[in-house]
Amino acid sequence: MAKEYSPVKSAITSSQVAGELYRASGIARQLSLAAKNSQAVVHRAGSKVAGLKVISEYFADLALKTIKLAEEINTISLDISHMAVERWRQNTLVGHLYESQAKTENDTVALIISSTKQRQLDINNQFNTEIRRLENQLSEIQQHMQASRVVAVSFRLESTQSDEYQGILEDMASNIDVFSEQIKQHVLDAKSHIDRLLMS
Amino acid sequence: MEAKLLFDDKHQWYVFARDPDKPEKIIDTNQYMVVSGKESLVLDPGGIEIFSSMLSTILKFVPIEQVTHLFASHQDPDIISSLGMWDQVIPKAKLYTPGLWEGFIRHFGCENIEFCGIEDGGGELKIGDTILQFIPAHYLHSSANFHVYDPVAKILFSGDIGAALEPQDSSLFIENFETHCDKMKFFHQRWMPSNEAKMHWLERVRKLDIEMMLPQHGRLFRGKEVGQFLDWFEALDVGIALKK
């Protein structure tokens, strides 16, 4: 049987994850802009930095993927939040129904308790599936950002081939590195919110 | 849920509205939040049906421990039926609402949050470094009813006053005041019971310096639209159900 997490903590956790990813997607948009700028500079620098063309395209692609993933995670988080609140309401209802039964036994109330508990179980199973999906999506962004930081190092090294544009390209590599690290940090914070829920 | 920053200086005002996940048949509501330092006040946090969307939207801007205060202009379900949920999520928070409604509002569930009843004459509340004023708006429409005025931002949160019934996807701001009046007319004539109460409120509010007026339903008023609304409301006969 799937573990049942506190609906109150679940609602808070999913909202916290949505908040972290909202901030991460804002940074991903900045990353996307930085990637586009680097594409333009690489284009101007011409054949001297031909190796950077592929890398800057990679950054642009990565930024777009990150934005899309962040949006998907936001949607999943909101769904999970709705589920948590629904489960919370069902729990409250079951509590009141038990109180009612304790005062006067009634077959109709017993039937309502039974169907409500089934619904609770269904929502709980769905909740557990979605929270795992959320974890996977977060891991995917995390991997993207780790790759982005590694590639930023190559970008910085390649930029030394261009005397005229070296300074600009190095700055861009630093920006991309910083943005990637910031996004990764928000993802790690989101994951730690989930971990705290799963450990509870 | 759409979120927009309305004022940003040493403190901030946000509006949260137009929730696409809201069940179709419940009335659309505007929620607001004032953030100052490490404290925040959520104004008319809304009904139970929009609780999860509200929580997710708020946490985009402040961490949960900084949601320290709630304000409910009156007792209606679209204003505060989510209280039982907030009570679990922010148990150390304080709720400011008309004291007259205490026994009624507690039916929504208020075991942890501290209930701070506002007396009929109004009062003040400090959020972080920001002082907000509770402006009496009794009988508009509820028998004990308050609005919130921020003298620094020059913003008046006006509850049901200025409300309009509109489609879910309508703009947040008024584009044409004349055509907007049609959307406000029935609401004010039918929900507002007393011309005397209306004149009391107008006298009080005309003394305030207001650059933005924020109702709980419909569109937001900016600049000269505030004065246009006060004139329009003054001329409007309300409490029409008794006159049929």
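What comes next is a walk through the structure.

Cut-offs used in this document
Residues numbered from 1 in each chain as written. Chains lettered and ligands numbered in written order. Predicted model: local features only at pLDDT ≥ 70, side-chain atom pairs only at ≥ 80, totals over all residues. Pairing = 2+ DSSP bridges. Helix = DSSP H or I, 4+ residues; strand = E, 2+ residues; numbered from the N terminus. Axes fitted to C-alpha atoms, helices over the stretch in contact; angles between N-to-C directions. Parallel < 35°, antiparallel > 145°, perpendicular 65-115°, else oblique. Left-handed = near helix turned anticlockwise from the far one by under 90°. Nonpolar A, V, L, I, M, F, W, Y, C, P; charged D, E, K, R; others polar. Contact = placed C-beta atoms within 7 Å.

## Structural notes on the sheet that holds strand S7 (residues 114-118) of chain B
Residues and elements named next belong to chain B.
Then, in step 1: Across the sheet, seven strands lie side by side as S1-S2-S3-S4-S5-S6-S7; this open sheet has mixed pairing. What marks the edges here is a single partner per strand, and that holds for strand S1 (2-8) and S7. Taking each pair of neighbouring strands and ignoring which way they run, the sheet shows an average axis angle of 20°.
Then, in step 2: With five bridges joining them, strand S2 (residues 12-17) and strand S3 (residues 31-36) adopt antiparallel strand pairing.

## Looking at the packing of helix H1 (residues 7-45) of chain A against helix H4 (residues 166-199) of chain A
Residue and element names in this part refer to chain A.
Then, in step 1: In the contact formed by H1 and H4, the axes pass within 9 Å of each other and the chain directions differ by 170°. By the angle class used here, H1 and H4 are roughly antiparallel. For the pair H1 and H4, the crossing hand works out as left-handed.
Then, in step 2: For the contact of H1 with H4, the per-class residue count stands at 19 nonpolar, eleven polar and four charged.

## Here's the deal with the interface of chain A and chain B
Then, in step 1: Tallying the contact residues gives 13 residues for chain A and ten residues for chain B.
Then, in step 2: Every element with two or more residues in the side of chain A that touches chain B is listed here: H1 and helix H2 (50-103) of chain A.
Then, in step 3: Counting residues per element, the side of chain A that touches chain B draws most heavily on H1(A), which supplies eight residues.

## Overview of the sheet that holds strand S11 (residues 155-159) of chain B
Residues and elements named next belong to chain B.
Then, in step 1: Within the open sheet, the six strands sit side by side as S8-S9-S10-S11-S12-S13. Their pairing is mixed. What marks the edges here is a single partner per strand, and that holds for strand S8 (123-127) and strand S13 (221-222).
Then, in step 2: As paired strands, strand S10 (residues 146-150) and S11 are joined by three bridges and run antiparallel to one another. Opposite Asp-150, over in S11, you have Ile-155 as the bridge partner.

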